[in-house]
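# Overview (structure and organization)
Here is how the chains run, residue by residue.
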Amino acid sequence: MPDSKIVILGAGYGGLYTALKLNNLLDKHMDCTVTLIDRCPHHQLKTELHMIVSGRRSFRGAAIPIKKILEDKRVKFLNAEVKGIRFDEKTVITTAGKIQYDILVVALGSEVEFFGIPGLKEYAFTLNDVGDALLLREHIKDMLMQGAGEEDESTRRSMLTFTIGGGGFTGVELAAELAGYLKELAEEFRISRDEIRLVIVEARGSILPGFDAELAEKAARTLRSADVDLLLKRYILSFDGEILRFNDGGEIRTRTLIWTGGVRANSLLSTLGLKCGSRGRVIVNPFLESVDYGDVYVIGDCSLIIDPSSGRPLAPTAQLALQQAETAAYNIYAGLVGDKKRRFKPKILGQIVSLGDHRAVGCLLNLKLYGFSASLLKSLSLLRYIYHIGGVKMLLYILHRTLGSRGNPK
């Protein structure tokens, strides 16, 4: 095997898992080096962000030091930001200097898509990382605290109105968590729960578009029973930090808009000259290689993966990123040892949406689940993932970090 430098950009679900898989595959081939680069020193469990907002999960339990994960691994971690890639020179430009590669894996993740809607980027909150979750948690608490002492009725109402733009997975899970969190805060600040308004605004005719219709309706009923208003078939036209305006002429006065309406691939990709498709995602061949460069793999939220059954792009999810990571890692290994590469075949095993308070809806291998059983399965899937990236040792480490930070949500 030749002396090869493998560089992985991004330590999210796809990038980290690729590194760990390569660590196992290349265990006996010490002439290869694997370098993982990310601007954040922590691996963030983004599927748990909504629980950080509500306080049901500490940020310490959702942000794992990458160096801890890579203990005793052959993978080197570089804490730096990627600023550019020179494919002709096989060089990555980072804030820590230039990094040479023989094989590159691009897994830089996604960023929020605002669709050019006036005011969203400037005034809306987002939920894309742990920092966003902590900021939002403190803002909501601050709005309740200020609202409790506000005498002007109109101002008080806007402070106590919380709006979520987008009724997809993130928006629904966040709304379910906020329903419980707002109830706790209302009691703490002695505000009637009836004064607080929590709203989901969704452009389509139902929440969870693309999800099983029966389960989506169950989720809608659960949210409504928790006093969440669902405004469907409404398009957000603009937000100025105080007034949210819709396509039908309606408006909501609110100090809080949380935008969960979409993501796009990391904007750096659009500057690199790679062939891209929907939402800036890179077009890849069946082996997950860029169609422009055979030594560059693109996975996770950065890659455009077509659903073979529908012919439409698959939504970027942690599940899909992990499957891509396995294929990419194997294909890198196969290319080095001269074996046949594998075509990527996505397998959507199921999806589960948390509805707070140990409730969820979901499906697994065509089996529909609702309530505690779905919630339990979602929790088990998280534990399974943590086990896969670090075994029992990592499970115990996360448990210690979580219990050790109770009472200190920051």
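Residues numbered from 1 in each chain as written. Predicted model: local features only at pLDDT ≥ 70, side-chain atom pairs only at ≥ 80, totals over all residues. Heavy atoms only, no water.

Bringing the overall build of the protein into the picture now. Looking only at helices and strands, the protein features 10 helices and 24 strands. Relative to the compact-globule value of 22 Å for 410 residues, the protein shows a C-alpha radius of gyration of 22 Å, a close match. Seen through its principal axes, the protein has C-alpha atoms that stretch 70 × 45 × 45 Å. In the protein, the share of contacts with a sequence separation of at least 24, taken over all contacts with a separation of at least 6, comes to 64%. (Helix = DSSP H or I, 4+ residues; strand = E, 2+ residues; numbered from the N terminus. Rg over C-alpha atoms; globule rule 2.2 N^0.38 Å. Contact = heavy atoms within 4.5 Å.)

Within soluble globular proteins, side chains that are nonpolar generally end up buried alongside one another. Core analysis: the biggest nonpolar cluster contains 115 residues, and Leu 9, Leu 36, Leu 104, Val 106, Ile 140, Leu 144 and Leu 178 have the highest contact counts within it. In this view, Val 106 contacts Leu 9, Ile 85, Leu 269, Val 296, Tyr 297, Val 298, Ile 299 and Cys 302; residues no more than four positions away in its chain are not counted. Within the second largest apolar cluster, 15 residues are counted, among which are Leu 120, Phe 239, Phe 246 and Leu 257. (Core = buried A, V, L, I, M, F, W, Y, C linked by side-chain atoms within 4.5 Å. Buried < 20%, exposed > 50% of the residue type's maximum accessible area, 1.4 Å probe, protein only.)

In contact at an axis separation of 10 Å, helix H5 (residues 130-149) and helix H7 (residues 169-188) are set at 40° when each is read in the N-to-C sense. As the angle between them shows, H5 and H7 are arranged oblique. Pair H5 / H7 crosses with right-handed handedness. Side by side, H5 and H7 meet where Leu 136, Arg 137, Ile 140, Lys 141 and Leu 144 of the first sit next to Leu 174, Leu 178, Tyr 181, Leu 182, Leu 185, Ala 186 and Glu 188 of the second. Taken together, the residues of the contact of H5 with H7 break down into 9 nonpolar, no polar and 3 charged. (Axes fitted to C-alpha atoms, helices over the stretch in contact; angles between N-to-C directions. Parallel < 35°, antiparallel > 145°, perpendicular 65-115°, else oblique. Left-handed = near helix turned anticlockwise from the far one by under 90°. Nonpolar A, V, L, I, M, F, W, Y, C, P; charged D, E, K, R; others polar.)

Bridging between strand S14 (residues 236-239) and strand S15 (residues 243-246) involves 3 bridges; their strand directions are antiparallel. Bridge assignment links Ile 236 to a residue of S15, and that residue is Phe 246. The turn linking S14 back onto S15 is made up of 3 residues, and Gly 241 within it adopts a positive phi angle of 95°. The pairing of S15 with strand S16 (residues 251-253) spans 3 bridges and is classified as antiparallel. Of the residues in S16, the one forming a bridge with Ile 243 is Arg 253. (Pairing = 2+ DSSP bridges.)

With 20 residues, helix H9 (residues 318-337) ought to run about 28 Å at 1.5 Å a step, and its terminal C-alpha atoms sit 29 Å apart, in line with that. Summarising burial for H9: 15 of the 20 residues are buried, a large majority. Remark: Gly 338 follows H9 within two positions and exhibits a positive phi of approximately 85°. (Expected span 1.5 Å × (residues − 1).)

What follows deals with the sheet that holds strand S24 (residues 367-370). Taken together, 3 strands build an open sheet; the order of strands is S22-S23-S24 and the sheet is antiparallel. Because the sheet does not close on itself, it has two edges, and the strands there are strand S22 (350-354) and S24. Sheet twist, expressed as the mean angle between neighbouring strand axes with direction ignored, is 10°. Both strand S23 (residues 360-364) and S24 contribute to a ladder of 4 bridges, which runs antiparallel. Bridge pairing in S24 links Gly 362 to Leu 369.

Looking now at the pattern of salt bridges. In the structure shown here, the tally under the stated rule is 20 salt bridges. One salt-bridge network, held together by shared partners, links Lys 68, Glu 71 and Lys 393. (Salt bridge = Lys/Arg side-chain N within 4 Å of Asp/Glu carboxyl O.)

Here we come to H7. Counted at 1.5 Å a residue, the expected span for H7 with its 20 residues is 28 Å, and the 29 Å between its end C-alpha atoms agrees. Arg 190 sits one or two positions beyond H7 and adopts a positive phi of about 55°.

Bringing the packing of helix H1 (residues 13-25) against H9 into the picture now. Direction vectors running N to C along H1 and H9 enclose 35°, while the axes themselves pass 8 Å from each other. The way H1 lies across H9 gives a crossing that is right-handed. Only Ala 318, Ala 321, Leu 322, Ala 325, Glu 326, Ala 329, Tyr 330, Ile 332 and Tyr 333 of H9 make contact with H1, whose side of the interface consists of Tyr 13, Gly 14, Tyr 17, Thr 18, Lys 21, Leu 22 and Leu 25. Class assignment for the residues of the contact of H1 with H9 results in 12 nonpolar, 2 polar and 2 charged.

This part takes up the side chain of Asn 128. Within the fold, Asn 128 resides in the loop between helix H4 (120-123) and H5. Since its relative accessible area comes to 19%, Asn 128 is described here as buried. In terms of polar contacts, Asn 128 uses its side chain to reach the backbone carbonyl oxygen of Ser 110, at 3.5 Å. (Polar contact = N/O pair within 3.5 Å; in protein donor to acceptor, adjacent residues only side chain to side chain.)

The next point concerns unusual backbone geometry. Trans is the common state for peptide bonds, and a negative phi is the common state for residues other than glycine. Here Leu 208, not a glycine, exhibits a phi torsion of approximately 50°, which is positive. Inspection of the secondary structure puts Leu 208 in the loop between strand S12 (197-202) and helix H8 (213-225). Take Leu 208: its relative accessible area is 1%, and that puts it in the buried class. The backbone phi angle of Asn 366 is positive, close to 70°, even though this residue is not glycine. Here Asn 366 is to be found in the loop between S23 and S24. With a relative accessible area of 79%, Asn 366 lands in the exposed category.

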